[in-house]
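Architecture at a glance
Here are the chains, one letter per residue:
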Amino acid sequence: TTTDALNAAVAAMNQGRVFDVTIVCTTDDHQAAYWMDRLAAGVCRRPDQSTTSASNPYPMVLAVSEDWNAQGGAGNGPGT
């Protein structure tokens with residue numbers, strides 16, 4: 001049933017697994033910095049609470065800003 005599928009999805013989310021790489025596209029550099037810090041310290045942090053290193057940089061959070069007002073519009077980040 002739909003309820004069973006939703007419950008299974010929520011259970012999977014609560015197992016502490018995270019994506020290897022999370023990419024966030026924002027409208028300005030301030031938001032990009034905020035989300036990179038917030039996610040890296042929160043839901044995207046390493047399960048063992050250690051810091052990332054050159055030998056194991058995952059999970060990784062990348063945030064970019066897209067300037068829709070610049071000449072040529074958006075498209076300078078991976079969001080478009």
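Higher on the page you've got the structure.
In what follows, the accompanying structure is described. Since we're looking at a predicted model, the values are computed, not measured.

**Quick look at the overall build of the protein**
- Looking only at helices and strands, one finds two helices and two strands in the protein.
- Counting helices and strands in the order they occur from the N terminus, the protein gives α-β-α-β.
- Residues classed as buried in the protein amount to 18% of the 80 residues present.
- As displayed, the protein has an accessible area near 6100 Å², and 56% of this comes from carbon and sulfur atoms.

**With respect to the side chain of S65**
- Counting through the fold element by element, S65 comes out in strand β2 (residues 60-65).
- Of the polar contacts made by the side chain of S65, one reaches the side chain of D29; its length is 2.5 Å.

**Quick word on the packing of aromatic side chains**
- Taken as a whole and judged by the stated rule, the model has one aromatic pair.
- With 5.0 Å between their ring centres and 85° between their planes, Y34 and W35 make a pair best called edge-to-face.
- By relative accessible area, Y34 is classed as partly exposed at 40%.
- Looking at W35, the relative accessible area reads 34%, which means it is partly exposed.

**Comments concerning the environment of Q31**
- Here Q31 lies in helix α2 (residues 29-41).
- The partly exposed category is assigned to Q31, whose relative accessible area is 31%.

**Considering the environment of A32**
- Following the sequence through the fold, A32 ends up in helix α2.
- Separated by 32 residues in the primary sequence, A32 and V64 place their C-alpha atoms 5.5 Å from one another.
- Those residues in contact with A32, other than ones at most four positions away along the chain, are T26, A63, V64 and S65.

**So, a nonpolar patch on the surface**
- Residues V21, I23, Y58 and L62 make up a contiguous nonpolar surface patch of about 330 Å² in total accessible area.
- Mapping I23 onto the fold places it in strand β1 (residues 21-26).

**Things to note about the environment of V61**
- As for its position among the elements, V61 is in strand β2.
- Among the residues examined, V61 registers a relative accessible area of 10% and is labelled buried.
- When residues no more than four places from it in sequence are discounted, the contact partners of V61 are T22, W35, M36, L39, A40 and C44.

Procedures and definitions
- Starting afresh in each chain, residues are numbered from 1 along the sequence in its written order.
- Where totals are concerned, whole chains, interfaces and linings use all residues; where local detail is concerned, this predicted model gives features only for residues with pLDDT of at least 70, and gives and counts side-chain atom pairs only at 80 or more.
- Excluded from the side-chain calculation are hydrogens and water; included are all heavy atoms of the structure.
- Counting from the N terminus, the helices are the DSSP runs of H or I reaching at least four residues and the strands are the DSSP runs of E reaching at least two.
- Between buried and exposed lies partly exposed: a residue is buried under 20% and exposed over 50% of the maximum accessible area for its type, with that area taken using a 1.4 Å probe on protein chains only.
- Throughout, the Shrake-Rupley method with a 1.4 Å probe supplies accessible areas, and for residues the shown protein chains are the sole cover considered.
- Each polar contact in these results corresponds to two N or O atoms within 3.5 Å; when the atoms are within protein, one needs to be able to donate a hydrogen and the other to accept it, and residues that are neighboring in sequence are counted only if both atoms are side-chain atoms.
- In summary, the pairing rule links any two rings of Phe, Tyr or Trp, Trp by its six-membered ring, whose centres are within 6.5 Å, and it sorts them by plane angle into stacked for under 30 degrees, edge-to-face for over 60 and tilted for everything else.
- Here a residue-residue contact requires only that any non-hydrogen atoms of the pair lie within 4.5 Å.
- Only residues whose relative accessible area exceeds 30% and that form no salt bridge are eligible for patches; like-charged ones are grouped when within 9 Å, while nonpolar side chains (Val, Leu, Ile, Met, Phe, Trp, Tyr) are grouped when within 5 Å.
- Salt-bridge detection follows one rule: a side-chain nitrogen of Lys or Arg within 4 Å of a carboxyl oxygen of Asp or Glu.

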